[in-house]
Each structure stands twice: as structure tokens, then as C-alpha cells.
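# Fold and contact review
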Amino acid sequence: MKVKLECVKGDITDQPDLDVIVNAANAELRTGGGVAGAIHRVAGPELEEACRPMAPIKPGQAVVSPAFNLPNRKVIHCLGPVYNIDKPSDQLLAECYKNSLLLADKEQLAAIGFPAISTGAFGYPLQEAAEVTADAIHSTLSQLSQVQLVRMVLFSDRDLNVFQKALGVV
Ligand code: ADP
């Protein structure tokens with residue numbers, strides 16, 4: 001089956017039509033700044049509690065939890081690489097997308113949304129991140145049987161533009 005790929009500008013915590021959203025998590029799976037702060041704030045304190053037994057995670061690893069007060073069924077928490085510190089950064093970033101997609105598929109989740117992992121506090125240059133992301137998503141699609149929609153949720157017009165071009169979608 002053909003998987004639909006799309007890019008939108010928006011907030012990852014406000015995607016009620018998605019079964020699962022991906023958190024740009026920290027190793028401890030705690031709240032924090034950026035995406036993780038927003039997700040934990042909306043989900044509520046139960047999210048940190050549910051995540052505690054799964055922590056710490058390694059760069060590239062993905063784990064799944066309930067979504068609590070978020071309008072989705074599940075949250076996949078993925079630790080992106082800190083650019084040029086966690087190496088090879090491109091392989092680790094690709095693993096994030098691949099592992100998250102395979103985990104969503106295993107959990108029978110049909111619609112998944114990603115933020116631009118590692119491009120905030122972790123310093124990954126946007127253009128490079130978009131290219132790695134596009135390659136990783138495209139090369140994983142053939143292994144999916146349940147996932148039908150993959151949405152990149154970008155926070156600014158500039159980010160949206162770069163990801164649309166890299167993914168070859170409008
Ligand atoms: P990392 O630590 O993996 O770099 P961040 O959370 O710092 O993760 O940022 C990842 C990207 O997500 C950045 O481009 C940032 O602008 C964007 N971002 C921050 N908050 C949100 C949000 N609520 N929804 C979607 N994207 C967000």
C-alpha cells in the first residue's frame with residue numbers, strides 16, 4: 001500500500017488526527033525545552049511517570065508510551081543525536097526515523113507525526129537534517145504494512161520549506 005507523506009507548519013502537540021506523535025526526547029525521557037517540554041506539558045505528569053522505567057535511552061533508540069492528555073493514542077520517544085557529538089550523527093538521526101516508523105507499524109498505528117528531530121537544542125543543521133530525514137523515511141516505507149500517513153510537523157515557514165523540498169512533497 002502507498003504511504004502518504006506530508007509536511008505541515010504547526011505544533012506537534014496539536015495534531016488530533018494522528019494516532020501517534022514522536023517526541024524529540026532527552027535520554028532520561030523527562031520534560032525539558034522544545035518539543036519534549038511541549039509534549040509533557042500537554043500530556044500531563046503521568047507521562048514522565050510512565051516513561052521512567054524505560055529510561056535512559058540511547059541516540060537512535062525509540063520507545064512507546066500512552067499519550068495521556070494529548071489528542072493521540074501513543075507517543076513514541078526518540079533520542080536524536082547531538083550534532084557532531086553523538087557520531088556518526090547522520091546514521092543515528094536516520095535510525096531515529098527508521099526505528100520510530102517500525103515501532104509505529106508494530107503497534108498498528110496508521111498515522112504518525114514527527115518534529116524535526118535534533119534541529120533545535122541538539123544543533124543539527126536544518127538542510128542536512130532534512131536530507132537525512134528524507135532518505136531515512138523513503139528507505140523505510142517499503143517495510144511498513146500498517147502506517148499509511150507520515151506527517152512532518154515543522155515549527156516555522158523556513159523549516160517547512162526546507163523539509164518540503166528535501167522530501168519532494170508540497
Ligand atoms: P532536539 O533536542 O532534538 O534538537 P528540540 O525540541 O530542541 O529537539 O527541537 C527540535 C525541532 O522542533 C526544532 O526545529 C524546534 O524549532 C521544533 N519545535 C519546538 N517545539 C515544537 C513544537 N511544539 N511542535 C513542533 N516543532 C517544535
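Above this text is the structure in question.
If you're wondering where the values come from, they're calculated on a predicted model, not measured in any experiment.

Right, let's get into the site of the ligand. The local shell around the ligand holds 16 residues, among which Val-35, Ser-118, Thr-119, Gly-120 and Ala-121 are the closest. Between Ser-118 and the ligand, the recorded distance is 2.8 Å, taken from a backbone N or O atom to an oxygen atom. Take Thr-119: an N or O atom from its side chain is 2.8 Å from an oxygen atom of the ligand. Coverage of the ligand by the protein amounts to 88% of the 570 Å² it exposes when considered alone. The element that contributes the greatest number of residues to the shell around the ligand is helix α1 (residues 34–43), accounting for three residues. Across the shell around the ligand, the residue classes tally to nine nonpolar, five polar and two charged.

Following the sequence through the fold, Ser-118 ends up in the loop between β5 (111–114) and α4 (126–140). Not counting the four nearest positions on each side in its chain, Ser-118 is found in contact with Gly-80, Pro-81, Leu-93, Gly-123 and Tyr-124.

Throughout the structure, instances matching the rule amount to two aromatic pairs. Here Tyr-83 and Tyr-124 contribute two aromatic rings whose centre-to-centre distance is 4.7 Å and whose plane-to-plane angle is 55 degrees, an arrangement assigned as tilted. A residue pair is termed long-range when its members are at least 10 positions apart, and Tyr-83 in the loop between β4 (74–78) and α3 (89–106) and Tyr-124 in the loop between β5 and α4 qualify at 41 residues. Judged by its relative accessible area of 24%, Tyr-83 is partly exposed.

Here we take up α3. The end-to-end C-alpha separation of α3 is 26 Å, in line with the 26 Å expected for 18 residues at 1.5 Å each. Tucked inside the fold, the buried residues of α3 contact β2 (20–24), β3 (62–66), β4, β5, α4 and β6 (149–154). Positioned one or two residues after α3, Gln-108 has a phi angle of 60 degrees, which is positive.

On to the pattern of salt bridges. For the structure on display, the rule yields seven salt bridges. Residues Lys-4 and Glu-6 are paired through a salt bridge, measuring 3.3 Å at the closest nitrogen-oxygen approach. The salt bridge partner of Glu-107 is Lys-74, with a shortest N-O separation of 4.0 Å. Residue Glu-107 is found in the loop between α3 and β5, and its partner Lys-74 is found in strand β4; the two are separated by 33 residues along the sequence. The class of Glu-107 is partly exposed, set by a relative accessible area of 29%. In the salt-bridge network here, residues are joined through shared partners; they are Lys-4, Glu-6, Asp-17 and Arg-151.

What counts, and where the lines are drawn
The residue numbers shown here count from 1 along each chain, following its written sequence. Given that the model is predicted, a residue must reach a pLDDT of at least 70 before its local features are reported, and side-chain atom pairs must reach 80 or more before they are shown or counted; all residues, however, enter totals for whole chains, interfaces and linings. Remark: hydrogens and water are excluded; side-chain values derive from all non-hydrogen atoms of the structure. By convention in this text, a residue qualifies as near a molecule or strand provided that one of its non-hydrogen atoms is within 4 Å of it. The term polar contact refers here to a pair of N or O atoms within 3.5 Å; inside protein, the definition further demands a hydrogen-donor-capable atom paired with an acceptor-capable atom, and it admits residues adjacent in sequence only when both atoms are side-chain atoms. For accessible areas, the Shrake-Rupley method is used with a probe of radius 1.4 Å. Any residue's cover is judged against the shown protein chains and nothing else. Numbering of helices and strands starts at the N terminus; helices are DSSP runs of H or I of at least 4 residues and strands are runs of E of at least 2. Only Asp, Glu, Lys and Arg are considered charged, only Ala, Val, Leu, Ile, Met, Phe, Trp, Tyr, Cys and Pro nonpolar, and every remaining residue, Gly among them, polar. Contacts are assigned to residue pairs with any non-hydrogen atoms lying within 4.5 Å of each other. For this analysis, a ring pair means two rings from Phe, Tyr or Trp (six-membered ring only for Trp) whose centres lie within 6.5 Å, classed as stacked if their planes differ by under 30 degrees, edge-to-face if by over 60, and tilted for the remaining angles. With a 1.4 Å probe rolled over the protein chains alone, any residue whose accessible area is under 20% of its type maximum counts as buried; one over 50% counts as exposed, and the rest are partly exposed. Expected span of a helix, by definition, is 1.5 Å for each gap between consecutive residues, and there is one gap fewer than residues. Salt bridges are defined by distance alone: a side-chain nitrogen of Lys or Arg within 4 Å of a carboxyl oxygen of Asp or Glu.

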